[in-house]
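Letter by letter, the chains look like this.
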Amino acid sequence: KIRCSGVLLVAETLSESTGRTPGGEAGRAVNCEKWRELASEYIEGTLEPTMTAVMAEHLRGCESCRTDEAILKSLCRELNVLPEVDPPMFFRDN
């Protein structure tokens, strides 16, 4: 099954030229670049609870990252309904 972590490059590409500014105020706040770096793990629910809270806090104040989150979640849903396929033999050999 395709995992959402395969969309990390999409997360990095979505807003490369938006000129976003850092978000969040306290403690371990993340900026947009860090949010994109951890977006797949956040969406998959594999981050530690503290970091999940920090990421959610950033989303509350950043419309651009909320848009990216919605796009990535949609993409994950679409990818996860695709049928599984066996990789070609040359993939296995390398």
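Residues numbered from 1 in each chain as written. Predicted model: local features only at pLDDT ≥ 70, side-chain atom pairs only at ≥ 80, totals over all residues. Heavy atoms only, no water.

S.K.: Break down the nonpolar core for me, with residues and values.
M.R.: By size, the foremost hydrophobic cluster in this structure holds 15 residues, and its most contacted members are Val-30, Trp-35, Tyr-42, Leu-47, Met-51, Met-55 and Cys-65. Sorting the residues of this core by element identifies α2 (32–44), α3 (49–61) and α4 (63–80) as the ones contributing at least two each. Beyond its immediate chain neighbours, meaning those up to four positions away, Leu-47 contacts Leu-38, Glu-41, Tyr-42, Thr-52 and Met-55. (Core = buried A, V, L, I, M, F, W, Y, C linked by side-chain atoms within 4.5 Å. Buried < 20%, exposed > 50% of the residue type's maximum accessible area, 1.4 Å probe, protein only. Helix = DSSP H or I, 4+ residues; strand = E, 2+ residues; numbered from the N terminus. Contact = heavy atoms within 4.5 Å.)

S.K.: Go over the environment of Cys-32, please, and point to the residues and values.
M.R.: Looking at the secondary structure, you find Cys-32 in helix α2. Cys-32 sits 32 residues away from Ser-64 along the chain, and the two C-alpha atoms are 8.5 Å apart.

S.K.: Lay out the packing of α3 against α4 with the relevant residues and their values.
M.R.: Helix-helix packing is characterised by the crossing angle of the two axes and by the distance between the axes. Relative orientation of the contacting elements α3 and α4 amounts to 115°, with a least axis distance of 6 Å. By the angle class used here, α3 and α4 are roughly perpendicular. As α3 runs across α4, the sense of the crossing is left-handed. Residues His-58, Leu-59, Arg-60 and Gly-61 of α3 form the contact with α4, whose own contacting residues are Glu-63, Cys-65, Arg-66 and Glu-69. (Axes fitted to C-alpha atoms, helices over the stretch in contact; angles between N-to-C directions. Parallel < 35°, antiparallel > 145°, perpendicular 65-115°, else oblique. Left-handed = near helix turned anticlockwise from the far one by under 90°.)

S.K.: Which residues make up the pattern of salt bridges, and what are the values?
M.R.: The full count for this structure, using the stated rule, is 3 salt bridges. Among the salt bridges present, the one from Arg-60 reaches Glu-57, with a minimum N-O distance of 2.7 Å. Separated by 3 residues within a single helix, Arg-60 and Glu-57 lie in helix α3, roughly one turn from each other. When its relative accessible area of 58% is taken as the criterion, Arg-60 is described as exposed. Of the charged contacts in the structure, one is a salt bridge between Lys-73 and Glu-69, with a shortest N-O distance of 3.2 Å. With Lys-73 and Glu-69 both in helix α4 and 4 residues apart, the pair spans about one turn of that helix. Using a relative accessible area of 14% as the deciding quantity, one classes Glu-69 as buried. (Salt bridge = Lys/Arg side-chain N within 4 Å of Asp/Glu carboxyl O.)

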